[in-house]
Amino acid sequence: MILWFTITQIAVACAAGLFCIVAGLAGRRPSDWTVGSLLLVELLLIAQVIVAIIAPLAGNPPTGDLLEFWVYLVSAVLLPIGGTAWALLDRTRWSTVILGVIGLSLAIMLWRMQAIWTLQVA
Amino acid sequence: MSHTVSRARMTGIGRVLVIVYAVMALASTGRSFVQILRRFDEAPLAYSLSALAAAVYILATLALVLAHRRGWYTVAWVAIAFELTGVIVVGALSLLTPVLFGHDSVWSYFGMGYLFIPLVLPVFGLWWLRTHRPQGESA
């Protein structure tokens, strides 16, 4: 993983998460803005998948357990897809809150992935 | 015995509860999968419990979604009560006997690695179940 890219992504995921939770608690239904903010995080996650494939080949191997890393990354990629599907099916304010909860979960998972990549010793 | 009311039960904040449960189920399943595959012999007891916890999270998620049916309502109660017991007992054991239980799992150290969500979530879940009984059971 690339530290600055991960930090950027964690910041985006936190911002999207807080934005969706606030919007949801304020009574907003899922909108292009809230769903879009989570899709932005998803795009960055897909970029992260590409980075994770190339980085070990480009002289940036993980110090930690690659299997554990991929379990996190695959789970993370699936979460926004599930959340967005939920938001499209159930267009209530609580779906917006759910998008936010997912955004914050992703931030935590990304932090954990970075720790596995650079700090954990397998 | 109208089902219109009960079908509307999975609304509101209950849905957020289900999603948090689903995320926890995903997180604990992923982690215990890795633990059992990579280093099961280090702490067989703790990692078996980790897998059990993951299974119970999946069951609880499913039961909460289906809690408007009476059978599943009971399953939800049992699963969530089991979780609360688990997090308290394993949390205490991980402090008392760290050799056996001081390994990363959802329940060790009262769920500290998961921002204490495993400790708070069952309480919230039981409260939600109490306030959302299936129609016809208690009313």
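Preceding this section is the structure that the text describes.
The structure displayed is predicted, hence computed values, not measured ones.

Participant: Requested: an account of the overall build of chain A, with residues and values cited.
Facilitator: Assigned secondary structure in chain A consists of four helices and zero strands. For 122 residues, the compact-globule formula gives about 14 Å, and the C-alpha radius of gyration of chain A, at 15 Å, lands near that figure. Taken along its principal axes, the extent of the C-alpha atoms in chain A is 45 × 20 × 20 Å. Across the 122 residues of chain A, 39% fall into the buried class. Sequence-distant contacts in chain A: of pairs separated by 6 or more residues, those separated by 24 or more amount to 84%.

Participant: A description of unusual backbone geometry should follow, citing residues and the corresponding values.
Facilitator: All names here are of chain B. Even without a glycine there, the phi angle at Y109 is positive, about 50°. Following the sequence through the fold, Y109 ends up in the loop between α5 (98-101) and α6 (117-131). Its 20 C-beta neighbours within 10 Å are what place Y109 among the buried residues. Not every positive phi belongs to a glycine, and F110 is a case in point at roughly 55°. Mapped onto the secondary structure, F110 falls in the loop between α5 and α6.

Participant: Residue-level account of the interface of chain A and chain B, with values.
Facilitator: Reports often express the size of an interface as the amount of accessible area lost when the parts come together. Facing the twelve residues of chain A at the interface are 13 residues of chain B. Only α3 (66-89) and α4 (93-118) of chain A provide two or more residues apiece to the side of chain A that touches chain B. When the residues that make up the side of chain A that touches chain B are grouped by side-chain class, the tally is seven nonpolar, two polar and three charged.

Participant: Would you mind going over the nonpolar core in detail, with residue names and values included?
Facilitator: Ranked by internal contacts, the top residues of the largest apolar core, which has 66 residues, are L106 and M113 of chain A together with Y21, A60 and A76 of chain B. Looking at this core, the elements with two or more residues in it are α1 (3-25), α2 (32-54), α3 and α4 of chain A together with α2 (13-39), α3 (44-65), α4 (70-96) and α6 of chain B. Those residues in contact with A60 of chain B that lie beyond four places of it in its chain are Y21, A76, A79, I80 and E83 of chain B.

Participant: Account for the environment of S31 of chain A, with residues named and values stated.
Facilitator: With respect to the helices and strands, S31 of chain A occurs in the loop between α1 and α2. Since 14 C-beta atoms lie within 10 Å of it, S31 of chain A is described here as partly exposed.

Participant: Residue-level account of the environment of A107 of chain A, with values.
Facilitator: Residue and element names in this part refer to chain A. Tracing the sequence through the fold places A107 in helix α4. Since 22 C-beta atoms lie within 10 Å of it, A107 is described here as buried. When the C-alpha positions of A107 and V41 are compared, they lie 9.5 Å apart, and in sequence the two are 66 residues distant. Ignoring sequence-local partners within four residues, the contact set of A107 consists of I10, A13, C14 and G17.

Participant: An account of the packing of α2 of chain B against α6 of chain B is requested, with residue identities and associated values reported.
Facilitator: Residues and elements named next belong to chain B. The interhelical angle for the contact between α2 and α6, taken along N-to-C directions, is 145°, at an axis separation of 11 Å. At the point where α2 passes α6, the crossing takes the left-handed sense. Along the contact surface, α2 presents G14, L17, V20, Y21 and M24, while α6 presents I117, P118, L121, F124, G125 and W128. Considering only residue class, the contact of α2 with α6 consists of nine nonpolar, two polar and no charged.

Participant: Go over the environment of R91 of chain A, please, and point to the residues and values.
Facilitator: Residues and elements named next belong to chain A. Looking at the element boundaries, R91 is found in the loop between α3 and α4. In the structure, R91 is positioned 62 residues away from R29 in sequence and 5.9 Å away in space, judged by C-alpha atoms. Ignoring any residue separated from it by four or fewer positions in sequence, one finds R91 in contact with R29 and P30.

Participant: Give a description of the packing of α4 of chain A against α2 of chain B that names residues and reports values.
Facilitator: In the contact formed by α4 of chain A and α2 of chain B, the axes pass within 9 Å of each other and the chain directions differ by 25°. Between α4 of chain A and α2 of chain B, the crossing angle belongs to the class labelled roughly parallel. Note on packing geometry: the crossing formed by α4 of chain A with α2 of chain B is right-handed. Between α4 of chain A, through W94, V97, I98, V101 and S105 of chain A, and α2 of chain B, the contact on the second element is made entirely by I13, R15, V16, I19, V20 and V23 of chain B. The residue makeup of the contact of α4 of chain A with α2 of chain B, split by class, is nine nonpolar, one polar and one charged.

Definitions and cut-offs
- Here the residue numbering is sequential within each chain, running from 1 through the sequence in written order.
- For this description, chains carry letters from A and ligands carry numbers from 1, given in the order in which they are written.
- In view of the model being predicted, local features appear only for residues whose pLDDT reaches at least 70, and side-chain atom pairs are presented and counted only at 80 or more, with totals across whole chains, interfaces and linings using the full set of residues.
- Secondary structure counts use DSSP, requiring at least four H or I residues in a row for a helix and at least two E residues in a row for a strand, with both numbered from the N terminus.
- Values of the radius of gyration come from C-alpha atoms, whereas the globule rule sets the reference at 2.2 Å times the count of residues to the power 0.38.
- Three exposure classes are used. Buried residues have 20 or more other C-beta atoms within 10 Å of their own C-beta, exposed residues have 12 or fewer, and partly exposed residues fall in between, all C-beta atoms being placed from the backbone.
- Residue pairs qualify as contacts under a 7 Å threshold applied to their C-beta atoms, which are placed from the backbone.
- The residue classification treats Ala, Val, Leu, Ile, Met, Phe, Trp, Tyr, Cys and Pro as nonpolar and Asp, Glu, Lys and Arg as charged. All others, Gly included, are polar.
- To define a nonpolar core, we join buried Ala, Val, Leu, Ile, Met, Phe, Trp, Tyr and Cys residues through C-beta atoms within 7 Å and take the resulting set.
- Here an angle of 0 to 180 degrees is reported between the N-to-C directions of two axes, which are lines fitted to C-alpha atoms, with helices fitted over the stretch in contact.
- Each crossing is labelled by how the near helix is turned from the far one, with a counterclockwise turn of less than a right angle marking it left-handed and a clockwise turn marking it right-handed.
- Any angle that is under 35 degrees is reported as roughly parallel, and any over 145 degrees as roughly antiparallel; angles of 65 to 115 degrees are reported as roughly perpendicular and all others as oblique.

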